[in-house]
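Tertiary structure, described
Single-letter residue listing:
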Amino acid sequence: MSAVKLDGKATAAKIKADLKNRVAALKERGVTPGLGTVLVGDDPGSQIYVAGKHRDCAEVGIASIRVDLPATAGQADVEAAIDELNASPACTGYIVQLPLPKHLDTMALLERIDPAKDADGLHPVNLGRLVHMVDAPLPCTPHGIVLLLQEYGVPIKGAEVAVVGRGITVGRSLGLLLTRRSENATVTLCHTGTQDLAAHVRRADIVVAAAGVPELIKKDMVKPGAAVLDVGVSRVAGKIAGDVALDVEDVAGYLTPNPGGVGPMTRALLLSNVVEAAERRLR
Ligand SMILES: Nc1nc2c(c(=O)[nH]1)N[C@@H](CN(C=O)c1ccc(C(=O)N[C@@H](CCC(=O)O)C(=O)O)cc1)CN2
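Residues numbered from 1 in each chain as written. Predicted model: local features only at pLDDT ≥ 70, side-chain atom pairs only at ≥ 80, totals over all residues. Heavy atoms only, no water.

1. Structural notes on the overall build of the protein chain
The test is simple: Numbering of helices and strands runs from the N terminus; a helix is a DSSP stretch of H or I covering at least four residues, while a strand is a stretch of E covering at least two. Here the globule rule is a power law, 2.2 Å times the number of residues to the power 0.38, and the radius of gyration is based on C-alpha atoms. Relative accessibility under 20% of the residue-type maximum defines a buried residue, over 50% an exposed one, and the middle range a partly exposed one, all with a 1.4 Å probe and only protein chains included. Only the protein chains shown count as cover for residues, and the accessible areas themselves come from Shrake-Rupley with a 1.4 Å probe. This count recognises Lys and Arg as positive and Asp and Glu as negative, with His and chain-terminal groups excluded. Taken as the charge centre is NZ of Lys, CZ of Arg, CG of Asp or CD of Glu, depending on the residue.
Looking only at helices and strands, the protein chain has nine helices and 11 strands in total. Taking 2.2 N^0.38 as the reference for a compact globule, 283 residues should give roughly 19 Å; the C-alpha atoms of the protein chain span a radius of gyration of 19 Å, in line with that estimate. Each principal axis of the C-alpha distribution contributes one length, and for the protein chain these read about 50 × 40 × 35 Å. For the protein chain, buried positions account for 51% of its 283 residues. Within the structure as shown, the protein chain displays about 12,800 Å² of accessible surface, and the carbon and sulfur contribution to it stands at 55%. Computing the positive centroid from 31 side-chain charges and the negative centroid from 32, the protein chain places the two 3 Å apart.

Here it is, written out as structure tokens:
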């Protein structure tokens, strides 16, 4: 079997084309959406992702506000940057790029973001809204994964899904999304304490690998025909190393390329949250 490619780049391009029209409509009504980013330190991956987010903004007409702080920035410095973006009328939504340097208190900083400007959907208030299944900005990678599966007609309702990795940006919040009544999947959230990972993955119709362990998901762990989404962004010798071994392609029914799969969808859904926040202002 040679898997159907779940093309995130092409799907993101469609989403961005729609956003471009919505941004133009907002501008006609006197509102220019603006995305802010706070990047602390010089992690090479984070630098690339933040640069990509601002390139996307230019493509769809969203204004960019970029705050870059040195790795030595203290808690108070990052708090000041957040307070400024909370107060800035030009910024309709923003993110603090993760991971932050270890000396910073990530949770305290995420909580300081104005929930109405939380473009990542990771503020505890917005995650709480997701738990309660009420309207809120959705976390970008999980939302992108759901839209990518829908774009290719991969059945989600009733599917057995193995999510590997319990981080807040992907695994934990994806479980919340996929178990909403509108998706109705059955999710097993696997993590480093899972006893027999292969057994859980082998049962799954959809596998989402978001553990950050290169080639964790091997060909013999995947049910023939399953959809496999690789969220891994480890860097080995400067190149992206995904969580899924390359030969999984021989057995999977659908597979994301990496790069070109989940990453571009994450960025497109970030823009979507910024545009939605600007539209909400006009309601
Ligand atoms: N505040 C946040 N920080 C992080 C998040 C997040 O959702 N919010 N997720 C990840 C990284 N991430 C988002 O910032 C991200 C990862 C990958 C890409 C992407 O476009 N990847 C490209 C390849 C780019 C390259 O050459 O390396 C692709 O897959 O084609 C965008 C965003 C952690 N931090």
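2. A word on the nonpolar core
Our working definition: Only buried Ala, Val, Leu, Ile, Met, Phe, Trp, Tyr and Cys residues count toward a nonpolar core, and they belong to the same one when joined by side-chain atoms within 4.5 Å. Residue ranges labeled as domains rest on an automatic or database domain assignment.
Core analysis: the biggest nonpolar cluster contains 45 residues, and I62, I145, L149, I206, V208 and L229 have the highest contact counts within it. Counting residues per element, the ones that place at least two in this core are α1 (8-28), α2 (44-60), α6 (140-151), β5 (160-164), α7 (171-178), β7 (206-209), β8 (227-230) and α9 (262-282). The residue makeup of this core includes at least three contributed by each of domain 1 (30-115) and domain 2 (140-264). Within the second largest apolar cluster, 21 residues are counted, among which are V164, A204, I217 and V251.

3. Looking at the UniProt feature "domain: Tetrahydrofolate dehydrogenase/cyclohydrolase NAD(P)-binding" (unreviewed entry) in the protein chain
Basically, it comes down to this: UniProt positions are given in the numbering used here, feature names are shortened, and annotations may be inferred rather than shown by experiment.
Following the UniProt record, one finds the feature "domain: Tetrahydrofolate dehydrogenase/cyclohydrolase NAD(P)-binding" (unreviewed entry) at residues 139-281. Between the C-alpha atoms that bound residues 139-281 there is a distance of 20 Å. The span itself is 32% helix and 18% strand.

4. A few points about the site of the ligand
For clarity, the cut-off: When we say a residue is near a molecule or strand, we mean one of its heavy atoms is within 4 Å of it. Whenever two N or O atoms come within 3.5 Å, that pair is a polar contact, provided that in protein one can donate a hydrogen and the other can accept it, and provided that, for residues adjacent in sequence, both atoms are side-chain atoms. By the convention adopted, Pro, Cys, Tyr, Trp, Phe, Met, Ile, Leu, Val and Ala count as nonpolar, Lys, Arg, Asp and Glu as charged, and the other residues, Gly among them, as polar.
Neighbouring residues of the ligand: 14 residues in total, closest K53, L98, D120, R235 and G260. Within the side chain of Q97, one N or O atom sits 3.0 Å away from an oxygen atom of the ligand. L98 has a polar backbone atom sitting 2.8 Å from a nitrogen atom of the ligand. Protein coverage of the free-state accessible area of the ligand, which is 680 Å², stands at 83%. Of all elements in the fold, only α2 and α9 reach the threshold of two or more residues within the shell around the ligand. Its residues placed into classes, the shell around the ligand shows seven nonpolar, three polar and four charged. No fewer than three residues from each of domain 1 (30-115) and domain 2 (140-264) sit in the shell around the ligand.

5. Section: the sheet that holds strand β3 (residues 63-69)
Within a beta sheet, neighbouring strands are joined by backbone hydrogen bonds and run either parallel or antiparallel to one another. Counted only if it meets this: Any two strands are treated as partners once DSSP identifies two or more bridges connecting them. Fitting a line to C-alpha atoms yields each axis, with helices limited to the stretch in contact; the angle taken between N-to-C directions then spans 0 to 180 degrees.
Strand order in the open sheet formed by three strands is β3-β2-β4, with parallel pairing between adjacent strands. In the strand order of this sheet, the two ends are held by β3 and β4 (93-96), each with one partner. With strand direction ignored, the average angle separating the axes of adjacent strands in the sheet is 15 degrees. Relative to β4, strand β2 (residues 34-40) is paired through four bridges, and the arrangement is parallel.

6. Structural notes on the UniProt feature "binding site: NADP(+)" (unreviewed entry) in the protein chain
The following threshold applies: Contacts were defined at the residue level, with two residues in contact if any of their heavy atoms lie within 4.5 Å.
According to UniProt, the positions carrying the feature "binding site: NADP(+)" (unreviewed entry) are G165, R166, G167 and V233. For G165, the location among the structural elements is in the loop between β5 and α7. Beyond its immediate sequence surroundings of up to four residues, G165 is in contact with G171, R172, L189, C190, A210 and A211. Note that R166 resides in the loop between β5 and α7. In contact with R166, other than residues within four places in its own chain, are G171, R172, L189, C190, H191, T192 and G193.

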